[in-house]
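A closer look at the structure
The primary structure of each chain is shown beneath.
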Amino acid sequence: MAKNKFFSALKPNQGSLITLAVFILLPFVVGLFNGASPAQVWTNGSGQSKFIQGLAIEIFILALYALSYDLIFGFTGLLSFGHSMFFAVGAYLTGILLKNFGFSLGATFGMIFLAGILQALLFGMVLPRVKGITFALVTLGMASVFHVLVISSELGPYTGSDVGLQGVVAPEFISPASQRLRLYFVTLAILIAVFMLYKRFVNSPTGRVCTAIRENEGRALMLGYNTFYFKLAALALSSLTAALAGMLHTIYQPIVSPNVAGLGYTVTALLIILIGGVGTLNGALVGAVVFRLLDYGLRRYIGESASFINGAVYVAIVLFLPFGIVGTWRLKSAQIRQGWERLAKLWLIGNRRD
Amino acid sequence: MDPEIIFETVNLRKEFGALVAVDDVSLKVHKNSLHAIIGPNGAGKTTFFNLLSGNLEPTAGQVIYKGRDITHQPVHRTIHFGVGRSFQITNIFPNLTVFENVRLACQALGADNFKFWQAASAFKKYEQRTWEVLERVGLKERAFDFARTLPHGDQRKLELGMILAPDPEVLLLDEPTAGMAAEQVPELIALIQEIQRAGDKTVMLVEHNMNVVMSVSDRITVMHQGAVLAEGAPAEIAANKEVQVAYLGGLYELNV
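Just so you know, these numbers come straight off a predicted model, no measurement behind them.

With that settled, the discussion passes to the overall build of chain A. Looking only at helices and strands, chain A features 15 helices and 0 strands. Overall, the C-alpha framework of chain A stretches about 80 × 65 × 55 Å when taken along its three principal axes. Expressed as a percentage of the 354 residues in chain A, the buried residues total 43%.

Here is the structure:
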């Protein structure tokens, strides 16, 4: 009986478990294809596997970042154009604390946590006053101020001005150079933990109210919810996640470009969840994979003109999959299933005629 | 303070620029009564309701609920005092299920709103209450349909369910039958009456259907151009010449 219960719990999570298995096995499978034994991969001896791990780490970080945007935009309905600041603060703070102040990784994480809360409070200050597009513009303004600060020459010794933050040395035990497999699994574990937390959050009493706010804030107020606190909760969780993604970004990349503080990087998050499906969570993961692989593939095989084709593909996705990959899939899966059933029927009838 | 008076306004006034939408309205609502507010279009009935429920801030005057001044309380506090409000234009969560619409209304007054580490479905008391309410308004069969897919009449019932869910003492119903098919109206009115009588509730009702108003109300206030034109029992209002001229154009014979 216990076994049955175990398997029936597995069933609805089949997809997630298979995906998880794929990502756990990925570095080793890539190694095998390249003639490296799992033992070699384990000791970071396979170059090809290391490269794929690096690409996957980038995807995990993008997925974390996109998840955090989906929470405030897709679930709570807050359109923020300053989201890149959440990420950039995490990225820069990590770099500066590790490099200039010699903080340990744990202490850095503590500061990131604090910074994440403070950022949410900063955005929270304007929450009750501005709504909709005005909120988008105010947050854009705040993020722009941060961007200007980051590229200012006065802060150059810390931020590296417009060149970017360079020469950050990640702690040895998760160094992207010598311990990449470990970093790969750490990033994957963080992504899974955050994803599960988000799944729970959006289905919790708090998250349900966030969805209600997206649907009809006036009504949520009349039901007796002080919507400000719910929006603030979503912002805080989102800000923490994005800052954590920024921290991982700095650990993986030796260079923090000021681009991550710009509007373009907010658009990246928006683009990823538009590709994957707004308000689906899974969409952020799928979108990050598509976004990064498309970018990588086109750049590698086409070169400079890649961004043109990239753009065309995004336009096509928005035109043909208006609810994103996951969103459209959820809508259409029932119809697709019916389609297969019809096809099976046709096949049977066809056979009978023969 | 008269304990029989549950809701009271004192010289309540709302101006939109030069327009006086609500003009020094002083009104007393008796506990457990059904108090209707009637008046021609633009008389300020809905604005008056918005002032009572806190959706709008009055220019002057007071709103007193059970002896307590609630004039400047934020709108999300209203239901916490025990005042529920429905809207003339259907105001629901269109992309959530009927069940979730009502469940959210049940959850609002509990102390579990920030338990983000637990699934909403773990709080059985809200789900149980939701089923009770859905049973009451007759939407049990459609619980898991999206609210936007309901026909208009059912959406009105859903809206009623959403304000019944937290079991408020006072119901402010802004044209609950607006846009409903004529044959559905008596059913909804009967439901409202039943709720008011069985639950010892006070109902304030804005309604245009004269036959309904005259038959169910304990007391009627007639508004005209923002001000109170007359107030009294249905029979008095029907006999009032001023009301007949202002509201009914003197053409309509009330058959009470």
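Quick look at the overall build of chain B now. Along its length, chain B carries 9 helices and 10 strands. Here chain B has a C-alpha radius of gyration of 19 Å; the compact-globule value for 256 residues is 18 Å, and the two agree. By its C-alpha atoms, chain B is 60 × 40 × 35 Å across when sized along the principal axes. Counting all 256 residues of chain B, 43% fall into the buried class. The long-range share in chain B, meaning contacts at least 24 apart out of those at least 6 apart in sequence, stands at 67%.

Residues and elements named next belong to chain A. Contact geometry of helix α4 (residues 47-75) with helix α12 (residues 263-276) gives a least axis separation of 9 Å together with a crossing angle of 80°. With respect to α12, the axis of α4 lies roughly perpendicular. Here Leu62, Tyr65, Ala66, Tyr69, Asp70, Phe73 and Gly74 of α4 come into contact with α12, specifically with Ala269, Leu270, Ile272 and Ile273. When grouped by side-chain class, the residues that make up the contact of α4 with α12 number 9 nonpolar, 1 polar and 1 charged.

Residues and elements named next belong to chain A. With 14 residues, α12 extends 20 Å between its outermost C-alpha atoms, agreeing within 8% with the 20 Å of an ideal straight helix rising 1.5 Å per residue. Every buried residue of α12 is listed here: Tyr265, Thr266, Thr268, Ala269, Leu270, Ile272, Ile273, Leu274, Ile275 and Gly276. In the stretch just after α12, glycine 277 is the one whose phi turns positive, near 130°.

Quick look at the nonpolar core now. Grouped together as the largest cluster of nonpolar side chains are 158 residues, with contacts concentrated most on A:Ala63, A:Leu64, A:Tyr65, A:Ala66, A:Ala88 and A:Ile273. What A:Ala63 contacts, discounting residues up to four positions off in sequence, is A:Leu191, A:Ala284, A:Leu285 and A:Ala288.

Looking now at the interface of chain A and chain B. At the junction of the two partners, chain A supplies 21 residues and chain B supplies 27 residues. Looking at the side of chain A that touches chain B, the elements that each hand over two or more residues are α9 (180-202) and α10 (205-222) of chain A. With 12 residues, the top contributor of residues to the side of chain A that touches chain B is α10(A).

With that out of the way, let us pick up unusual backbone geometry. Residue and element names in this part refer to chain B. Phi is positive for aspartate 24, close to 45°, though the residue is something other than glycine. The residue aspartate 24 is located in strand β2 (residues 19-30) in this model. Given 15 C-beta atoms within 10 Å, aspartate 24 falls into the partly exposed group. We note that lysine 66 has phi near 50°; this positive angle belongs to a residue other than glycine.

Here the focus is the packing of helix α4 (residues 124-137) of chain B against helix α5 (residues 152-164) of chain B. A pair of packed helices is characterised by two quantities: the angle between their axes and the separation of those axes. Residue and element names in this part refer to chain B. Put simply, α4 and α5 touch, their axes get as near as 9 Å, and they point 140° apart. By the angle class used here, α4 and α5 are oblique. With respect to the hand of their crossing, α4 and α5 are arranged in right-handed fashion. Note on element contacts: α5 touches α4 through Lys157, Leu160, Gly161 and Leu164, opposite Val133, Leu134, Arg136 and Val137. Residue classes in the contact of α4 with α5 are distributed as 5 nonpolar, 1 polar and 2 charged.

In many analyses, interface size is given as the accessible surface area lost on bringing the parts together. For chain A, the assigned domains read domain 1 (27-322) and domain 2 (330-354). Placing the centre of domain 1 of chain A and that of domain 2 of chain A at their C-alpha centroids yields a distance of 41 Å.

Residue and element names in this part refer to chain B. Here 4 strands make up an open sheet; going across it, the order is β2-β1-β4-β5 and the pairing antiparallel. Edge strands, defined here as strands with exactly one partner in the open sheet, are β2 and β5 (68-69). Pairing between strand β1 (residues 5-16) and strand β4 (residues 60-65): 5 bridges, direction antiparallel. Looking at the pairing, valine 10 lines up with glutamine 62 of β4. On top of the sheet, helix α1 (residues 45-53) reaches β1, β2 and β4; it is set at about 60° to β2, its chief contact.

Right, let's talk about the environment of B:Phe146 for a bit. One can find B:Phe146 in the loop between α4 and α5. When the C-alpha positions of B:Phe146 and B:Asn91 are compared, they lie 14 Å apart, and in sequence the two are 55 residues distant.

Two faces make up the sheet, and in a regular strand the side chains alternate between them. By the criterion of burial, strand β3 (residues 34-38) of chain B is predominantly enclosed, with 5 of the 5 residues buried. Along β3(B), one buried face is formed by B:Leu34, B:Ala36 and B:Ile38 and the opposite face, lined by B:His35 and B:Ile37, is buried too.

Our focus in this paragraph is helix α3 (residues 98-107) of chain B. Buried residues dominate α3(B), accounting for 10 of its 10 residues. All of the buried residues in α3(B) are B:Val98, B:Phe99, B:Glu100, B:Asn101, B:Val102, B:Arg103, B:Leu104, B:Ala105, B:Cys106 and B:Gln107. Against α10 of chain A together with α4 and α5 of chain B lie the buried residues of α3(B).

It is worth spelling out the confidence of the model for chain B at this point. Of all residues in chain B, 96% attain a pLDDT of 70 or more, and the chain-wide mean is 88. The least confident element of chain B is helix α9 (residues 241-246) of chain B, whose mean pLDDT is 79; the most confident is α3(B), at 94.

It is worth spelling out the pairing of β1(B) at this point. Residues and elements named next belong to chain B. Summarising the sheet, β1 and β2 pair through 8 bridges and their orientation is antiparallel. Bridge pairing in β2 links threonine 9 to leucine 27. The hairpin formed by β1 and β2 contains 2 residues between the paired strands, and glycine 17 there has a positive phi angle of roughly 65°.

Another aspect to go through is the sheet that holds strand β10 (residues 227-232) of chain B. Note on sheets: strands pair through backbone hydrogen bonds, and any given pair is parallel or antiparallel. All names here are of chain B. The mixed open sheet is built from 6 strands, whose spatial order is β6-β7-β8-β3-β9-β10. Among the strands making up the open sheet, the edge pair consists of β6 (83-86) and β10. Neighbour to neighbour, the strand axes of the sheet diverge by 15° on average, direction disregarded. Pairing of β3 with strand β8 (residues 202-206), which is carried by 4 bridges, proceeds in the parallel orientation.

Turning our eyes to something else, we now look at the environment of B:Ala147. Residue and element names in this part refer to chain B. By the element assignment, alanine 147 lies in the loop between α4 and α5. By the C-beta count within 10 Å, which is 25 here, alanine 147 ends up buried. Residues alanine 147 and proline 94, 53 residues apart in the sequence, show an inter-C-alpha distance of 4.9 Å.

Quick notes on the rules
One numbering rule holds for all chains: residues counted from 1, following each sequence as written. Both sets of labels track the order of writing: A upward for chains, 1 upward for ligands. In keeping with the predicted nature of the model, local features appear solely for residues at pLDDT of at least 70, side-chain atom pairs appear and are counted solely at 80 or more, and the whole-chain, interface and lining totals rest on all residues. In this description a helix means any DSSP run of H or I spanning at least four residues, a strand means any run of E spanning at least two, and both kinds are numbered starting from the N terminus. Partly exposed residues are those whose C-beta has more than 12 but fewer than 20 other C-beta atoms within 10 Å; 20 or more makes a residue buried and 12 or fewer makes it exposed, with C-beta atoms placed from the backbone. In this treatment the radius of gyration is a C-alpha quantity, and the globule benchmark scales as 2.2 Å times the residue count to the 0.38 power. Note that contacts rest on C-beta atoms placed from the backbone: two residues are in contact if these are within 7 Å. Geometry is summarised by axes, namely lines fitted to C-alpha atoms with helices restricted to the contacting stretch, and by angles between N-to-C directions that run from 0 to 180 degrees. When describing relative orientation, an angle under 35 degrees is termed roughly parallel and one over 145 degrees roughly antiparallel, while 65 to 115 degrees is termed roughly perpendicular and anything else oblique. Amino acids are sorted into nonpolar (Ala, Val, Leu, Ile, Met, Phe, Trp, Tyr, Cys and Pro), charged (Asp, Glu, Lys and Arg) and polar (every other residue, Gly among them). In this analysis, the expected span of each helix is defined as 1.5 Å times one less than the number of residues it contains. By our criterion, buried Ala, Val, Leu, Ile, Met, Phe, Trp, Tyr and Cys residues that link up through C-beta atoms within 7 Å make up a nonpolar core. If you view the pair so one helix is near and one far, a crossing is left-handed when the near helix is turned anticlockwise from the far one by less than a right angle, and right-handed when it is turned clockwise. Where each domain starts and ends follows an automatic or database-derived domain assignment. Here, a strand pair is defined by DSSP locating no fewer than two bridges between the strands. What pLDDT conveys is the predictor's confidence in a given residue, as a value from 0 to 100.

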